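Observations on chain architecture
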Protein chains: 2
Amino acid sequence: MRRICVDMDEVMADTLAEHLRRYNQEFDEDVTLDDLAGKGLWEITPVDRQQQLRAFLDAEDFFEVLDVIPGAQEVLKELSTRFEIFIATQAMAVPNSLGPKYRWLQRHFPFIPPTHYVFCGHKSILRADYLIDDQPRNLQRFEGQGLLYTAPHNLDVTGFVRVNNWRDVAEYFSHIKAEDCEDA
Amino acid sequence: MRRICVDMDEVMADTLAEHLRRYNQEFDEDVTLDDLAGKGLWEITPVDRQQQLRAFLDAEDFFEVLDVIPGAQEVLKELSTRFEIFIATQAMAVPNSLGPKYRWLQRHFPFIPPTHYVFCGHKSILRADYLIDDQPRNLQRFEGQGLLYTAPHNLDVTGFVRVNNWRDVAEYFSHIKAEDCEDA
């Protein structure tokens, strides 16, 4: 069976929405997703607020309360009947996120077993056929077929197969026939 | 540069010694390593104590206090000058271990960056040239060259390249010439 690795933040979980919500609340701002076209929240944040921007991620409750990106549950449930699904998330930069990410996955994606969670740093470590990720650098390090999941920060990035939403993901994998999913 | 993945429990960290210590203390027993030749602690534990055996692992302090297996630091430090070292540990069966394992690695192996930690379940997910592990099933799932690190439970296992201690690991990799460590 072929194997798909799926990134969590901004692919399965709406990390940016929660980060932005806390940012706007703390600093009494009104930054919108449109303001972030082509750049990350880090890039538009003044130097004297960077420490707080990071502190939002370190909060014990941050990664527990994230919304699920629409379509992720339905599409991954269907794909899990035809592919091996692994969740591969860069958790090591925010060690406080390890427990919350585990619990979030169990709550929202109970059909994916914890043996298929991978909390890692460099995604070059993944042995898989596909990786769905919003970070171009992760796709560059990955040796299989990368799919760039659209997020505001990567709107201007070219050179990757792009999926704009989970409907696009379903469509992409619908073209991969069952016989291609068998191990060689 | 070639990549070596290294398991934590019973390869870098003396998990069994601590598990045995708590077992003997709790149940007023005197089980020794010799009693465990060819089997795991789980196998010699009566059914009515299995729940407690598991509870030892769930304790917040368990994975923080483990001793380092002798030689692991020195040999990994040397190997890290010639190979990419990743730590690959099955952490998902004991989610309480995620934070403690992260802190233990930082404390005892500060020369390995957290971006090279992989907390996973199935080790088939690892893309690496070598895996040093005490669990035969992990080596079977791994696609590169496996090295079975000797532990009481695997003494009778055959069919793998075996390393009895970290001196053996150093010896094994001393035969791999620098030019073999370059990427193709």
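Please refer to the structure placed before this passage.
Residues numbered from 1 in each chain as written. Chains lettered and ligands numbered in written order. Predicted model: local features only at pLDDT ≥ 70, side-chain atom pairs only at ≥ 80, totals over all residues. Heavy atoms only, no water.

This part takes up the pairing of strand S5 (residues 145–149) of chain A. Residues and elements named next belong to chain A. Burial runs high along S5: four of the five residues are buried. Bridge count between strand S4 (residues 130–133) and S5: four bridges; the pairing is parallel. Counted as the bridge partner of Ile132 is Leu147 from S5. Between the parallel elements S4 and S5, the chain passes through helix H6 (residues 136–141) in a crossover that is right-handed. Pairing analysis gives three bridges linking S5 to strand S6 (residues 161–163), with the strands arranged parallel. Across the sheet, residue Tyr149 finds its bridge partner in S6, namely Val163. (Buried < 20%, exposed > 50% of the residue type's maximum accessible area, 1.4 Å probe, protein only. Helix = DSSP H or I, 4+ residues; strand = E, 2+ residues; numbered from the N terminus. Pairing = 2+ DSSP bridges. Right-handed = clockwise from strand over helix to strand, strands pointing away.)

A separate point is the relation of the copies chain B and chain A. Note on the identical chains: chain B maps onto chain A by a rotation of 180° and an axial translation of 0.0 Å, with an RMSD of 0.0 Å. The transformation relating the two chain copies, once decomposed into turn and shift, fits a two-fold axis. Interface overlap between copies: 100% of the residues of chain B at the interface are likewise at the interface in chain A, consistent with a symmetric, same-surface contact. (Least-squares fit on C-alpha atoms with pLDDT ≥ 70 in both. Contact = heavy atoms within 4.5 Å.)

Residue and element names in this part refer to chain A. For helix H4 (residues 72–79), every residue scored as buried is listed here: Ala72, Val75, Leu76 and Leu79. One side of H4 holds all its buried residues, which, seen down the axis, span an arc of 95°. In H4, the exposed positions that point more than 90 degrees away from the buried face belong to Glu74 and Lys77. Against strand S1 (3–6), strand S2 (84–90) and helix H7 (166–174) lie the buried residues of H4. (Arc of directions from axis to C-beta.)

Further remarks concern the side chain of Glu64 of chain B. Position of Glu64 of chain B among the secondary structure elements: in the loop between helix H3 (50–58) and helix H4 (72–79). Leaving out residues up to four positions away in the same chain, Glu64 of chain B has contacts with Pro100, Arg103, Trp104 and Arg107 of chain B.

Here the focus is the interface of chain B and chain A. At the junction of the two partners, chain B supplies 23 residues and chain A supplies 23 residues. Both faces combined, the contact of chain B with chain A buries some 2,100 Å², and carbon together with sulfur accounts for 61% of it. Looking at the side of chain B facing chain A, the largest losses of area belong to Met92, Ile125 and Arg127 of chain B, adding up to 36% of the total buried there. Here chain B is connected to chain A by two salt bridges. Between Arg127 of chain B and Glu143 of chain A there is a salt bridge, and its shortest N-O distance comes to 3.3 Å. (Buried area = accessible area lost by both parts, 1.4 Å probe. Salt bridge = Lys/Arg side-chain N within 4 Å of Asp/Glu carboxyl O.)

Residues and elements named next belong to chain A. Across all of its chains, the model carries 24 aromatic pairs over all chains by this definition. Seen from their ring centres, Tyr149 and Trp166 are 5.9 Å apart, and the 45° between their planes marks the pair as tilted. Here the residue Tyr149 occupies a position in strand S5, and Trp166 occupies one in helix H7, the gap between them amounting to 17 residues. Taking relative accessible area as the criterion, Tyr149 reaches 4% and is therefore assigned buried. Here Trp166 falls in the buried class, since its relative accessible area comes to 1%. Where Tyr172 meets Phe173, the ring centres are 5.0 Å apart and the plane angle is 80°; that geometry is what we call edge-to-face. By relative accessible area, which is 24% here, Tyr172 ends up partly exposed. (Phe/Tyr/Trp six-rings, centres within 6.5 Å; stacked < 30°, edge-to-face > 60°.)

With that settled, consider the environment of Arg2 of chain B. Residue and element names in this part refer to chain B. Along the chain, Arg2 falls in the segment before strand S1 (3–6). C-alpha of Arg2 to C-alpha of Pro46: the two residues are 44 residues apart in sequence and 44 Å apart in space. A distance of 3.1 Å separates a polar atom in the side chain of Arg2 from a polar atom in the side chain of Tyr130. (Polar contact = N/O pair within 3.5 Å; in protein donor to acceptor, adjacent residues only side chain to side chain.)

Residue and element names in this part refer to chain A. Counted under the stated rule, the structure contains zero disulfides over all chains. Free of any disulfide, Cys120 has its nearest neighbouring cysteine sulfur in Cys5, separated by 8.2 Å. Since its relative accessible area comes to 1%, Cys120 is described here as buried. (Disulfide = S-S within 2.5 Å.)

Right, let's get into the environment of Pro110 of chain A. Residues and elements named next belong to chain A. Residue placement: Pro110 occurs in the loop between helix H5 (98–108) and strand S3 (117–120). Of the residues examined, Pro110 reaches a relative accessible area of 60% and is grouped as exposed. A sequence separation of 37 residues divides Pro110 from Gln73, and the C-alpha atoms of the two residues are 9.7 Å apart.

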